[in-house]
Amino acid sequence: MKFAAAVSLALLSGANAQESAFKKADGVLAGSYPATFPFENDNYVSVATIPGSDGHDTIDPESNDIGGYAAISYHHCNIFEYEPFGVYAGGPSPCARVYQRLFFSYWSTPYGDLIPINCTQAKVIIEGPFDGNFPGSDQVCEPASCCSYANGHVHLTKEWESQQEKWGQRYQKYGCTWMTEASYCQILHFNVNWCHEYYEYAREQGNKQVRPFMQPCINLFDYFLSQCSNFKALGAKPLLQALKIEPDPYLNSISSAEANTALAVFYANDHVCTPIAEVHPDLFKKEAAPTDAPASGGSTPAASTPSTPAASTPAASSSDDAAGMTQVPVVVLGAVASIFAAFRFY
């Protein structure tokens, strides 16, 4: 692997471990995570459940497209069960089920063919500068130093350019009002964990709970969505629909909070992550601020709230779908061939 020479070992916070509430498909607890995850010290949490997680044995986009793909990943992904410990893993692992319908819809790709990608062969290295804002947002970091922790690492494509363009349109379109450097970088580099090398680093270090660099946990992206007036009122259903993550009847049956968590699963379901109470303790640590309880059953920190919730969500557009993805030739992961790697995603 060609990681930057200065890569530091990113360890999960908390020396003590506890059994996670996230389970693998057979119902056995998914193993040990640091005591600070999931959400032990956070005053904003994602919804406790997403409907449809019990359909993992029968759900299929071709023959039984009932929805719940994100729910299966959310509730049944045990990242320590299937090497190389990734959230992007098909075959017997439930971790990538959130991607199953999308890949089948666009390329008729069977779920079993989704495997982590050999990004070294793509010869793409993450490098700045990054803009540090979207139109309508604050300048959350200076371009020369933004997301610098990721520089020098391999990726399957210059995904950050696609994300900058797409969220540059979405931020104002969906009434977003809150962003920090951590959430901005989480968006730009959301699918770096599709790379085999991202998990091979854990194998080399002899510790499954490490990453070459650490991303914030799922509830940071969930909170980012909750501060967009359209998503807060009606949920991120236009993106789930445009990306073909879930079928329409299923989307019509879930709440706005459940839809936001479903999209957060797509963007940030790696359980080896930095708890948001540590990312922004002034806002998200339990004792930091009074909280309000949303209808979803979670809790929301006192932060800027959109002044005018939208009455209706804008229709999805070309900035939201996956039609611009480009297929590339076969890449080899050890002795296993991936049928493709997809460039310029979502």
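As the structure is a computational prediction, the values presented were derived from the model and not from experiment.

On to the overall build of the protein. A tally of regular secondary structure across the protein gives 12 helices and 12 strands. Counting only contacts in the protein whose residues sit at least 6 apart along the sequence, the fraction spanning at least 24 positions is 74%. When the accessible surface of the protein is summed, it comes to about 13300 Å², and 50% of that surface belongs to carbon and sulfur atoms.

What follows is about the packing of helix α6 (residues 218–226) against helix α10 (residues 256–268). It is at 9 Å that the axes of α6 and α10 come closest, and there the two elements cross at 135 degrees. Of the possible angle classes, the one that applies to α6 and α10 is oblique. Between α6 and α10 lies a crossing of right-handed hand. Across the interface between the two elements, Ile 218, Phe 221, Asp 222, Leu 225 and Ser 226 from α6 touch Asn 260, Thr 261, Leu 263, Ala 264, Val 265, Tyr 267 and Ala 268 from α10. Of the residues in the contact of α6 with α10, the class split is 8 nonpolar, 3 polar and 1 charged.

To continue, consider the state of the cysteines. On inspection of all chains with the given rule, the structure shows 6 disulfides. Two residues share a disulfide in this structure: Cys 119 and Cys 195, whose sulfurs sit 2.0 Å from each other. Here the S-S torsion is close to -85 degrees, and the disulfide linking Cys 119 with Cys 195 is therefore left-handed. Placement of the pair is Cys 119 in the loop between α2 (97–107) and β4 (124–125) and Cys 195 in the loop between α4 (181–188) and α5 (196–205), with a sequence separation of 76 residues. Take Cys 195: its relative accessible area is 1%, and that puts it in the buried class. Ordering the disulfide-forming cysteines of the protein by sequence position, one finds them joined as 1-2, 3-9, 4-5, 6-8, 7-11, 10-12.

So, how was this worked out
- Residues numbered from 1 in each chain as written.
- Predicted model: local features only at pLDDT ≥ 70, side-chain atom pairs only at ≥ 80, totals over all residues.
- Heavy atoms only, no water.
- Helix = DSSP H or I, 4+ residues; strand = E, 2+ residues; numbered from the N terminus.
- Contact = heavy atoms within 4.5 Å.
- Areas by Shrake-Rupley, 256 points an atom, 1.4 Å probe, with all protein chains shown as cover.
- Axes fitted to C-alpha atoms, helices over the stretch in contact; angles between N-to-C directions.
- Parallel < 35°, antiparallel > 145°, perpendicular 65-115°, else oblique.
- Left-handed = near helix turned anticlockwise from the far one by under 90°.
- Nonpolar A, V, L, I, M, F, W, Y, C, P; charged D, E, K, R; others polar.
- Disulfide = S-S within 2.5 Å.
- Buried < 20%, exposed > 50% of the residue type's maximum accessible area, 1.4 Å probe, protein only.

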